[in-house]
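Inside the fold
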Amino acid sequence: MHKIALTIAGSDPTGGAGLQADLRTFQRMGVYGLSIPSVLTAQNTEGVSNILELPNDFFSDQTGSLLKDIRPDALKTGMLYSPDIVEIIAGKIREGSLENLVVDPILASSTGVELVKEGLPEAVKKYLFPLSKVITPNINEASVLTGIDIQGETGMKDAAVKLRDYGAETVIVTGGHLQGKAMDLLFDGEEFLTLENERLEGEFHGTGCVFSAAVTACLALGYSVKEAFVKANDFTCNAMKTAISAGSGMKILNI
Ligand code: PXL
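For clarity, every value in this text was computed on a predicted model and none was experimentally measured.

Reading guide: rules and limits
- Residues numbered from 1 in each chain as written.
- Predicted model: local features only at pLDDT ≥ 70, side-chain atom pairs only at ≥ 80, totals over all residues.
- Heavy atoms only, no water.
- Near = heavy atom within 4 Å.
- Polar contact = N/O pair within 3.5 Å; in protein donor to acceptor, adjacent residues only side chain to side chain.
- Areas by Shrake-Rupley, 256 points an atom, 1.4 Å probe, with all protein chains shown as cover.
- Nonpolar A, V, L, I, M, F, W, Y, C, P; charged D, E, K, R; others polar.
- Helix = DSSP H or I, 4+ residues; strand = E, 2+ residues; numbered from the N terminus.
- Expected span 1.5 Å × (residues − 1).
- Buried < 20%, exposed > 50% of the residue type's maximum accessible area, 1.4 Å probe, protein only.
- Pairing = 2+ DSSP bridges.

**Description of the site of the ligand**
Taken together, the residues surrounding the ligand are G10, S11, A17, G18, Q43, V48, M79, I106, S109, L115, H205 and C209. One of the side-chain nitrogen or oxygen atoms of Q43 is found 2.5 Å away from an oxygen atom of the ligand. For the ligand, the accessible surface in isolation is 310 Å², of which the surrounding protein chains cover 95%. Here the shell around the ligand is composed, by residue class, of 6 nonpolar, 6 polar and no charged.

Written as structure tokens, this is what we have:
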């Protein structure tokens with residue numbers, strides 16, 4: 001029996017991030033992928049130039065229609081952009097009592113372009129974190145969501161504790177953007193687990209998307225969150241080591 005994972009994320013025509021990267025990650029991890037676009041982006045490897053929202057009722061139909069028919073073993077959310085969509089997703093997850101939700105609270109692109117409308121961070125905190133198994137903010141996102149200025153491991157730990165208080169079962173703060181060593185930190189309410197990786201040269205596009213998609217695939221396959229953390233870290237690092245320079249900007253992970 002195939003395991004099934006769903007991504008609800010923005011479309012990235014480069015395939016380096018967003019929905020397309022999630023689907024490729026699911027496939028590589030042996031999980032059948034479902035996908036619902038939240039928004040469309042116009043972008044290339046140099047950055048995002050435009051964002052198009054779908055009408056709320058159409059977004060709701062896409063989600064309702066799919067979930068009426070197929071029950072995913074795990075699901076993730078990526079770029080959601082609008083607080084309206086956040087509420088719709090939360091409603092559908094509650095309606096279907098869906099489990100194994102991974103929330104990647106995307107706030108900005110790798111190039112720093114804001115990928116949120118007003119009220120998005122608050123909505124994600126209020127409606128999605130309490131339904132989630134894992135949330136995977138990077139350092140910048142964890143800083144914005146908690147108001148903690150994260151400079152290193154202590155800040156990451158403080159932010160993880162605070163983020164868990166918002167209702168997430170497990171928090172993984174990805175530290176690829178830290179100065180010095182690249183360290184990811186997991187907090188499940190009982191203990192901290194850290195994974196350190198060598199810093200790789202270059203600018204990469206979509207690392208957070210690939211990591212959270214790999215965590216989602218692992219949960220669909222029945223791994224524990226800690227096992228998923230280690231496997232997803234490994235998968236992402238390997239894909240970074242052989243990254244592809246498809247365009248003139250950031251490198252795309254080799255999934
Ligand atoms: O890497 C964050 C991200 C997620 N999802 C979409 C994106 C980006 C960054 O550009 O475009 C659709």
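The structure having been displayed, the exposition proceeds.
**Observations concerning helix 7 (residues 207–220)**
In this model helix 7 runs 20 Å from its N-terminal to its C-terminal C-alpha over 14 residues, within 8% of the 20 Å that 1.5 Å per residue would give. Most of helix 7 sits inside the fold, with 12 of its 14 residues counted as buried. Directly beyond the C-terminal end of helix 7, a positive phi value near 100° is found at G222.

**Considerations on helix 8 (residues 225–241)**
The end-to-end C-alpha distance of helix 8 is 24 Å, a good match for the 24 Å that 17 residues give at a rise of 1.5 Å each. Within the span of helix 8, buried status applies to V225, A228, F229, A232, N233, F235, T236, C237, A239 and M240.

**Regarding the pairing of strand 2 (residues 32–44)**
Note on strand geometry: in a regular strand, side chains alternate between the two faces of the sheet. Relative to strand 2, strand 1 (residues 4–11) runs parallel, the two sharing 7 bridges. Bridge pairing links I4 to Y32 in strand 2. Where strand 2 meets strand 3 (residues 47–53), 6 bridges bridge the pair, whose relative direction is antiparallel. Following the sheet pairing, A42 is matched in strand 3 by N50. In this structure, the hairpin formed by strand 2 and strand 3 is closed by a connection of 2 residues.

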